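What follows is the residue order along each chain.
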Amino acid sequence: MSDYTFFFNPMSRAMIANWAFHEVGVTPDYVQVEWDAKPAELLAANPMGKIPTIIHHTPAGDRVVSEAAAVCHYLAEMEGKALLPTPGEKADYYRWLFFAAGPLEAAITNKTMGWEPDGPKQEGTVGFGSFERAVGALDTWLADRHYVCGDRFTMADVYVGSSVNWGLQFGTLPDRDSFKAYSARVSDRDAFRASIGG
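Residues numbered from 1 in each chain as written. Predicted model: local features only at pLDDT ≥ 70, side-chain atom pairs only at ≥ 80, totals over all residues. Heavy atoms only, no water.

1. A short note on the layout of surface pockets
Put simply, the test is: Grid points spaced at 1 Å and placed over the protein atoms alone form the basis of the search, with a cavity being a set where a 1.4 Å probe fits but cannot get out and a pocket an open set showing protein on both sides within 12 Å along at least five of seven lines. Lining residues have an atom within 4 Å of a point. Grid points are joined across faces, edges and corners, and a volume is the space filled by probe spheres set on the points. The helix and strand labels rest on DSSP assignments: H or I over at least four residues marks a helix, E over at least two residues marks a strand, and numbering proceeds from the N terminus. Basically, the charged four are Asp, Glu, Lys and Arg, the nonpolar ten are Ala, Val, Leu, Ile, Met, Phe, Trp, Tyr, Cys and Pro, and anything else, Gly included, counts as polar.
Volume-wise, the largest pocket comes out at about 940 Å³. What lines the largest pocket is a set of 31 residues, and nearest its centre among them are Ser12, Arg13, Ile16, Ser162 and Trp166. Counting only elements with at least two residues in the lining of the largest pocket, the list comes to helix H1 (14–24), helix H4 (90–112), helix H7 (155–170) and helix H9 (190–195). Top contributing element to the lining of the largest pocket by residue count: H7, with seven residues. Across the lining of the largest pocket, the residue classes break down as 17 nonpolar, 10 polar and four charged. What the second largest pocket holds in volume is close to 160 Å³. Residue lining of the second largest pocket: Arg13, Asn46, Lys50, Ile51, Pro52, Ser66, Glu67, Ala68, Ala69, Ala101, Glu105 and Tyr159, and that is the complete set.

Printed below as a string of structure tokens:
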């Protein structure tokens, strides 16, 4: 039995956590989640029934972590210290990890659903400003860096990389040179290929 239970469906954000597990070299116990029949164990751990949700079985008791960005960072803290930021990388690491989980995802989701803020007043109210500004910020950042923190891959790249990969694959992000180059770099990792069955 693994120290981790991982509620999983390959057609979900759980694929982000799956990549993170491969990066830290830990094989969890997978619990397949069907959308119309969520297991009671998942609902007990996370009443929203969202995945990814993991349970870390520790000697001090079970620890539940949900939200893909949090799962990624937690796994780095517990199992993959080399993927954590150095003191000099922390600002970039946390900034872009939470940017991708917050403003970027909100901008993409709102645009996909057919709603965008109408003018400066609404842009000032929503956390992402506008789709163009959110995408432009990430494009500018990645244009002259190999990874989120510069030349070194960190766990933030699992989350940001997943966002970029998904966006390019499904057309929810524009096909910009910085995104294509970054996607190629993160997708060339052994852990990424293993996480998608490659």
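2. Re the side chain of His73
Operational definition: Throughout, exposure labels follow a simple rule: accessible area from a 1.4 Å probe, protein chains only, divided by the maximum for the residue type, with under 20% read as buried, over 50% as exposed, and the rest as partly exposed. We call two residues in contact when some of their heavy atoms are within 4.5 Å.
Relative to the elements of secondary structure, His73 occurs in helix H3 (residues 68–79). Judged by its relative accessible area of 16%, His73 is buried. Setting aside residues no more than four positions away along its own chain, His73 makes contact with Leu84, Tyr93, Tyr94, Leu97 and Met155.

3. A look at the sheet that holds strand E1 (residues 4–8)
Sheet strands pair by backbone hydrogen bonding; their relative direction is either parallel or antiparallel. We count it as follows: Whether two strands pair comes down to DSSP finding at least two bridges between them. Between the N-to-C directions of two axes lies an angle of 0 to 180 degrees, each axis being a line fitted to C-alpha atoms and, for a helix, fitted only over the stretch in contact.
Taken in spatial order, the four strands of this open sheet run E2-E1-E3-E4, and their pairing is mixed. Of all the strands in the sheet, just strand E2 (29–32) and strand E4 (61–66) have a single pairing partner and so form its edges. In this sheet, neighbouring strand axes are inclined to one another by 20° on average, regardless of whether the strands run parallel or antiparallel. Sheet topology note: the strand E3 (residues 53–58)/E4 ladder contains six bridges and is antiparallel.

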